[in-house]
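# A closer look at the structure
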Amino acid sequence: ASLAGHLGLDRIIVFYDSNHITIDGSTSLTFTEDITRRFEAMKWQVASVDAYDLVGILQAVNEVRATQGKPSLIILNSIIAKGAPNLAGKHKAHSSPLGCEEVRAIKRALGVAADELFHVDPRALAYFKQKAGDWQRRYNQWTRSFQEWRSLNPTLSDEWDCFFAPFRFDNFRLPAFRIGESLSTRKASGLILNALADEFQNLLGGSADLGDATETILKKYPDFQKDVPSGRNIHFGVREHAMGGICNGIALYGGIRAFCATLLVFSDYMRPAIRLAALMGLPIIYVFTHDSIFVGEDGVDVQLLYLGPL
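The structure contained in this document is the topic of the report that follows.

### Topic: the packing of helix α10 (residues 240-253) against helix α11 (residues 271-280)
In a packed pair of helices, the relevant descriptors are the angle between the two axes and the axis-to-axis distance. Between α10 and α11, the least distance of the axes is 8 Å, while the angle of their chain directions is 25°. Between α10 and α11, the interaxial angle falls into the category roughly parallel. Every residue of α11 that contacts α10 at His-241, Gly-244, Gly-245, Asn-248 and Leu-252 is listed here: Pro-272, Ala-273, Leu-276, Ala-277 and Met-280. Residue classes in the contact of α10 with α11 are distributed as six nonpolar, four polar and no charged.

Below, the structure written as structure tokens:
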């Protein structure tokens, strides 16, 4: 969230479900900070709306979309288990099943047959059947527009295909290293990474505030910043976990190949993101340096490079 505010990523809209309940009870047991002021301090714009006011939610979305240069947080003020006559707003609804009797009571309150096990309103079925046709027509229209764009922009079309294709190394020449040359593995890795960046224009990434230490700065290219969206060096800051998650998002979106780097010992901070990337088979390059024995720059230099499917 901090990095998104710094970079002014105005296409991000986050919905915050604020029901003031945790498994153990009210959030007031452990949580008293002001979410609005917290996100405003991180350069976000914040709106607040009733979670059950659909018109108000759409209006809030349209309003935050009109503001450029800031990500948006929309706080939805909700009631946990809303509609449950005996459990609405209570923490027991967070972690335990409502139970058969409470479910029947909810159905009676909603005007649904209490003994019907599973009910779908016919109006909902009709609505989504209509939407399916609309979505198919929109997809067909988009496909035709894309093909027209291809025919009018052959150079950009070729670049598009190149970005979304697997890396090919047919004509790629690795930097040459002399036998017996004294060179740390991370410096050699940095030379290779820069050569890859010259060969593949959709390769970008960065480190968790350790670009010089990990030798992962792309020397010919500018930094990615709010006013330089074409930059290829991302300064993630001291945010290993966020760095891993951001690279996952880049890889899932497609077209861009991402790398990220930190000291090996700090990879512990990003284990959840790395695990998700492994489960999804994402082609992310991880550069982990130092720390084969001791911590930080006291450790013997070692270079670990993970490259997912090409």
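### Let's talk about the nonpolar core
Where a protein is soluble and globular, its nonpolar side chains tend to be buried together. Ranked by internal contacts, the top residues of the largest apolar core, which has 18 residues, are Phe-236, Met-243, Cys-247, Cys-260, Met-270, Ile-284 and Tyr-286. Looking at this core, the elements with two or more residues in it are α1 (2-7), α10, β7 (257-263) and β8 (285-289). Residues contacting Met-270, with those up to four places away along its chain left out, are Glu-240, His-241, Met-243, Gly-244, Cys-260, Thr-262, Tyr-286 and Phe-288. Counting residues in hydrophobic clusters, the runner-up holds 14 residues, among them Phe-172, Leu-196, Leu-203 and Tyr-221.

### Observations regarding the pairing of strand β4 (residues 203-207)
Counting buried residues along β4, five of its five residues qualify, which places the element largely inside the surrounding structure. In β4, alternate side chains face the same way, and those of Leu-203, Gly-205 and Ser-207 on one face and Leu-204 and Gly-206 on the other are all buried. Of the strand pairs in this sheet, β4 and strand β6 (residues 233-235) are connected by three bridges, and their pairing is parallel. Bridge pairing in β6 links Ser-207 to His-235.

Cut-offs used in this document
- Residues numbered from 1 in each chain as written.
- Predicted model: local features only at pLDDT ≥ 70, side-chain atom pairs only at ≥ 80, totals over all residues.
- Heavy atoms only, no water.
- Axes fitted to C-alpha atoms, helices over the stretch in contact; angles between N-to-C directions.
- Helix = DSSP H or I, 4+ residues; strand = E, 2+ residues; numbered from the N terminus.
- Parallel < 35°, antiparallel > 145°, perpendicular 65-115°, else oblique.
- Contact = heavy atoms within 4.5 Å.
- Nonpolar A, V, L, I, M, F, W, Y, C, P; charged D, E, K, R; others polar.
- Core = buried A, V, L, I, M, F, W, Y, C linked by side-chain atoms within 4.5 Å.
- Buried < 20%, exposed > 50% of the residue type's maximum accessible area, 1.4 Å probe, protein only.
- Pairing = 2+ DSSP bridges.

Keep in mind that these numbers describe shape and distance, not what the molecule does.
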